[in-house]
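As a plain string of letters, each chain reads:
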Amino acid sequence: MSESNQTTSQHFIRSIVDADQESNKHGGRVHTRFPPEPNGYLHIGHAKSICLNFGLAQDYNGGLCNLRFDDTNPTKEEIEYVESIKEDIKWLGFDWDERLYFASDYFDELYDYAIKLIQKGKAYVDDLSADDIRAHRGSLTTPGKNSPNRERSAEENLDLFERMRAGEFKEGSRVLRAKIDMASPNINLRDPVLYRILHAEHHRTGDKWCIYPTYDFAHGQSDSIEGITHSICTLEFEAHRPLYDWFLDELDIHHPQQIEFARLNLNYTVLSKRKLITLVEEGHVSGWDDPRMPTISGIRRRGYTPDAIRNFCDRIGVAKANSTIDIALLDHTIREDLNARTPRVMAVLRPLKVVIENFPEDKIEEFEVDYFRHDPERSEMRTVPLTREVYIERDDFMEEPVKKFFRLAPGREVRLMNACLITCTDVIKDENSGDVLELRCTYDPDSIGGQAPDGRKVKGTLHWVSAPHAIQAEVRLYDHLFNKEDPYDVAEGQDFTINLNPSSLEILEDCLLEPSLKDAKPGERFQFMRQGYFAIDPVDSSPEKLVFNRTVTLRDTWAKIQKKG
RNA sequence: UGGGGCGUGGUGCAAUGGUAGCACACCGGACUUUGAAUCCGUUGAUCCUGGUUCGAGUCCAGGCGCCCCGGCCA
């Protein structure tokens, strides 16, 4: 596992585990699990849970973390999702070794547990319809009413439950319920459903079962069966804990300790499988791995590194207060990582032609430039050619420069990075539209290398590519998926998709890259100098047509100055 | 009108009852062949009201605000 030299943060769960270690609560064991339902792709919110559970196990000597799929609902779960989830966890850098489990592995035990409860008089088969059960449940402020079937004998319940299992009844006609307390102020204790009839094929057990345990009945017992010591879950299950405790106590089996923490929220995006699946199904994005998606597969395709994600998860902390992380922290974390590891290259996204008039027609000046000039520890050279015709970024020229703009303008001298100083002598424009078509410049032959011998300074340094050497490529620029901090902030009757950012994807077809990028391979990442970090798109890029994704921009002080006007 | 949680700078997370700290963001400066990176610095917080205490973010009481729970979803 790759190691970050970062100290992991102390948080309340760690304090609990520390205390348990001290008191030898679980015989000194720390055994956690990450329990996803295979009904969608993992997103960065899951990464928080993965880092927490696997990280905790790593941090305590001999600790273990299982991967267990909570697959108790065959109508929603698919094998495609289990494969993607496994891949994502591995990519993040975690390993469950041989401890890959499924709640469906425990269907036999769970069935036996149900039998045991029936025999103890603690569970009963109810013939009420779903609507009637709801009606009997009462409200938040008023107690519920007992089902007329509540006092059936154990024998009758056993018979009925066995016949449910045998497939004698149709879906929805009967359920098995716990017999707890219909007047409990905690609604989860008002005789919750344990088993329901679902005539559906399960992705692992096939047609062996037509009754399936509910999540509530399966989750805690699955943890118990696996010998989990600390069952870490999100806040919404806090009110379920008394129910899980009740099961474990009635069944008299190993009792893990459940600890709840606040799930991750990020502004300018949504982190809910339900919403993400909507974006995919309604075609607002190209798929689960669309680089704008907060899914692990999406951000991986976009060029994020697992180290950056793990650092991010470490920095956001773990607590019980609901909170929303500023996506700027994610941006910062990935920049920090990519800044350290990526080679620097030049790429012109929106080209503007420049003719250096005093540069000999057929001359090629070659420069040996270090990919890692920013890093004193590394050095690796490539050749960058300069010719009479080059391209610069359109944004790097202003015919009438505003204050504080210190790039190229008529009569102004700037540096072509790593190459020489040029001065703009003329602007060629389209006669009709007035658009700038090309620039005429002269260079100072004594400035080869980028410094003037007389020591004069220039304020601007531009990236550029030699026109005859340039490689054409497609570059995809991404912005926030939503243009509102809180995408759910909508007017009455509106859907969250109204807040989708129409400019979240901008495709630039005619970008020009320095020739060294010719053999760039999927998975490779670069800093396009002065612009941002870019990664080869693993899906659409090919040697014939390179496609880059912008992972994140560089911090841009100039953009801020412009914004302020 | 029940039950369970949670309230610390703009954001997130810390702080054995003892100087409220860290990160991001923000603002300013230095440096610069990336308006990047790096370095330095500035602003800025304990939900409210009482109480206990030499001393309260922390303990107590009462308020206020926010989140979760009435699926045969997880």
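Not measured: the values here are computed from a predicted model.

A.B. asks: Quick one: what's the story with the pairing of strand 8 (residues 230–234), residue by residue and with numbers?
C.D. replies: Buried residues dominate strand 8, accounting for five of its five residues. Every second residue of strand 8 is oriented toward a common face, with His230, Ile232 and Thr234 on one face and Ser231 and Cys233 on the other, all of them buried. Both strand 8 and strand 9 (residues 257–261) contribute to a ladder of five bridges, which runs parallel. Residue pairing in the sheet places Cys233 in a bridge with Glu260 of strand 9. Read from strand 8 through helix 8 (residues 241–251) to strand 9, the crossover connection turns out right-handed.

A.B. asks: Explain the protein's contact with RNA strand B residue by residue, including any values.
C.D. replies: The environment of RNA strand B is formed by 68 residues, the closest being Arg344, Arg407, Gly449, Gln527 and Thr557. With respect to RNA strand B, the backbone of Thr324 contributes an N or O atom lying 3.0 Å from a sugar or linking oxygen. Here Gly450 contributes a backbone N or O atom positioned 2.8 Å from a base oxygen of RNA strand B. Among the elements that line the surface near RNA strand B, the one with the most residues is helix 13 (residues 557–564), at five residues.

A.B. asks: For the sheet that holds strand 5 (residues 175–178), give the residues involved together with the corresponding values.
C.D. replies: Here we have four strands laid out as an open sheet, ordered 4-5-6-7, and antiparallel in their pairing. For this open sheet the edge positions go to strand 4 (123–126) and strand 7 (211–213), each flanked by a neighbour on one side alone. This sheet shows a mean twist of 20 degrees between the axes of neighbouring strands, independent of strand direction. Examined bridge by bridge, strand 4 and strand 5 share four bridges and lie antiparallel to one another. Bridged to Val125 within strand 5 is Leu176. Helix 4 (residues 107–119) contacts strand 4, strand 5, strand 6 (193–197) and strand 7 of the sheet and is inclined by roughly 120 degrees relative to strand 6.

A.B. asks: Any details on the environment of Pro38? Residues and values, ideally.
C.D. replies: As for its position among the elements, Pro38 is in the loop between strand 1 (31–34) and helix 2 (44–59). When the C-alpha atoms of Pro38 and Tyr81 are compared, they prove to be 5.0 Å apart, with 43 residues separating the residues in sequence.

A.B. asks: How would you sum up the packing of aromatic side chains? Please name residues and give values.
C.D. replies: Counted by the stated rule, this structure contains 22 aromatic pairs. When the centroid spacing of 5.3 Å and the interplanar angle of 70 degrees are considered together, the rings of Phe161 and Tyr195 count as edge-to-face. With Phe161 in helix 6 (residues 154–166) and Tyr195 in strand 6, this residue pair connects regions lying 34 residues apart in the sequence. Classification of Phe161 by relative accessible area gives buried; the value is 0%. Measuring from centroid to centroid gives 5.7 Å for Trp246 and Phe247, while their planes differ by 70 degrees, and the two rings are edge-to-face. Linked through ring pairs, Phe107, Tyr111, Phe161, Tyr195, Trp209, Tyr212, Phe217, Trp246 and Phe247 together constitute an aromatic cluster. The ring of Phe359 carries the charged tip of Lys363 above its face, separated from the ring centre by 5.8 Å. In this structure, Arg378 is placed above the aromatic ring of Phe372, and the distance from its NZ or CZ to the ring centre is 3.8 Å.

A.B. asks: Tell me about the packing of helix 2 against helix 11 (residues 306–316), and please be specific about residues and values.
C.D. replies: Working note: a packed helix pair is described by the angle between its axes plus the distance between those axes. Their axes nearest at 9 Å, the elements helix 2 and helix 11 cross at an angle of 75 degrees. Classified by the interaxial angle, the pair formed by helix 2 and helix 11 is roughly perpendicular. Facing helix 2, whose interface residues are Ile44, Ala47, Lys48 and Cys51, helix 11 presents Ile309, Arg310, Phe312, Cys313 and Ile316. Taken together, the residues of the contact of helix 2 with helix 11 sort by class into seven nonpolar, no polar and two charged.

A.B. asks: Please give an account of the sheet that holds strand 23 (residues 525–528) that cites residues and values.
C.D. replies: Pairing is mixed across the open sheet formed by seven strands, whose spatial order is 10-23-24-25-21-22-11. The strands lining the two open edges of the sheet, one partner per strand, are strand 10 (344–345) and strand 11 (347–348). As defined by bridge partners, strand 21 (residues 471–478) adjoins strand 25 (residues 546–553) across four bridges and the pair is classed as parallel. Each residue of the ladder has a partner; that of Arg476, found in strand 25, is Asn549. Here helix 12 (residues 327–341) sits on the sheet in contact with strand 10, strand 23, strand 24 (532–536) and strand 25, set at roughly 120 degrees to strand 25.

Cut-off values and rules
- Residues numbered from 1 in each chain as written.
- Chains lettered and ligands numbered in written order.
- Predicted model: local features only at pLDDT ≥ 70, side-chain atom pairs only at ≥ 80, totals over all residues.
- Heavy atoms only, no water.
- Buried < 20%, exposed > 50% of the residue type's maximum accessible area, 1.4 Å probe, protein only.
- Helix = DSSP H or I, 4+ residues; strand = E, 2+ residues; numbered from the N terminus.
- Pairing = 2+ DSSP bridges.
- Right-handed = clockwise from strand over helix to strand, strands pointing away.
- Near = heavy atom within 4 Å.
- Polar contact = N/O pair within 3.5 Å; in protein donor to acceptor, adjacent residues only side chain to side chain.
- Axes fitted to C-alpha atoms, helices over the stretch in contact; angles between N-to-C directions.
- Contact = heavy atoms within 4.5 Å.
- Phe/Tyr/Trp six-rings, centres within 6.5 Å; stacked < 30°, edge-to-face > 60°.
- Lys NZ or Arg CZ within 6 Å of the ring centre and 35° of its normal.
- Parallel < 35°, antiparallel > 145°, perpendicular 65-115°, else oblique.
- Nonpolar A, V, L, I, M, F, W, Y, C, P; charged D, E, K, R; others polar.

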